[in-house]
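# Fold and contact review
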Amino acid sequence: MYQQAAWVITLLLSLFIIFVFLFVFARSAKKSDYAGIQKKGYLIRNIWFILVCFLLLTTSYFTLKQLPYHRAAAKSTPIDVDVTAMQFGFEISKDSFKVGDYIAFHVTSKDVNHGFGLYDDTMNIVAQTQAMPQYTNTVYYQFTKPGTYSILCLEYCGAAHHIMKREIIVNE
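Below: a short report on this structure. All of these numbers come straight from a predicted model, not from anything done at the bench.

Once that is clear, we can look at the sheet that holds strand β8 (residues 147-152). Pairing is mixed across the open sheet formed by five strands, whose spatial order is β3-β9-β8-β5-β6. Looking at which strands have only one partner, the edges of the open sheet turn out to be β3 (96-98) and β6 (125-131). With strand direction ignored, the average angle separating the axes of adjacent strands in the sheet is 20 degrees.

Listed below in structure tokens is the structure:
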């Protein structure tokens, strides 16, 4: 039943495309004044260009203002936490926090590239950044609910990558 319907629809669409092609081909032999068509085409192109630019700028404004970076940085002074990734674990300067703490995780690596993924107790990622040797990335996060958060490596770093985990406890 579905195959037959798909066959009929494909056949009808193919015939429609052939008809459109033949129509355009038949009309292409007719000579027309190109200047009027060109003027109309340029007008349409300019209107579309302005419309698309307006839509892109409007969309960018309303979507980019939703990013948390400017609002998060203005909340309060963050608690600095140093995180060093290495094969196959994380060294962290503090691993116990309270709900509402605003944390600045300063993430680096001792050996190879690693990923720093912070997951809540339901294993939803809440923050992430790259851990690279000789470079420190900072990621900000404010804990909004208590629980056990996990830090997992997001970048394959070797044979024991799968055991690279650290836990953070957040209390009321």
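Next comes the rest of the write-up.
A word on the sheet that holds strand β7 (residues 137-142). Pairing between the strands of a sheet is mediated by backbone hydrogen bonds and can be parallel or antiparallel. Here four strands make up an open sheet; going across it, the order is β2-β1-β4-β7 and the pairing mixed. Sheet topology places β2 (89-92) and β7 at the edges, where each strand pairs with a single neighbour. For this sheet, the mean inter-axis angle between neighbouring strands, taken without regard to orientation, is 25 degrees. Examined bridge by bridge, strand β1 (residues 79-86) and strand β4 (residues 102-109) share seven bridges and lie parallel to one another.

Reading guide: rules and limits
Residues numbered from 1 in each chain as written. Predicted model: local features only at pLDDT ≥ 70, side-chain atom pairs only at ≥ 80, totals over all residues. Heavy atoms only, no water. Pairing = 2+ DSSP bridges. Helix = DSSP H or I, 4+ residues; strand = E, 2+ residues; numbered from the N terminus. Axes fitted to C-alpha atoms, helices over the stretch in contact; angles between N-to-C directions.

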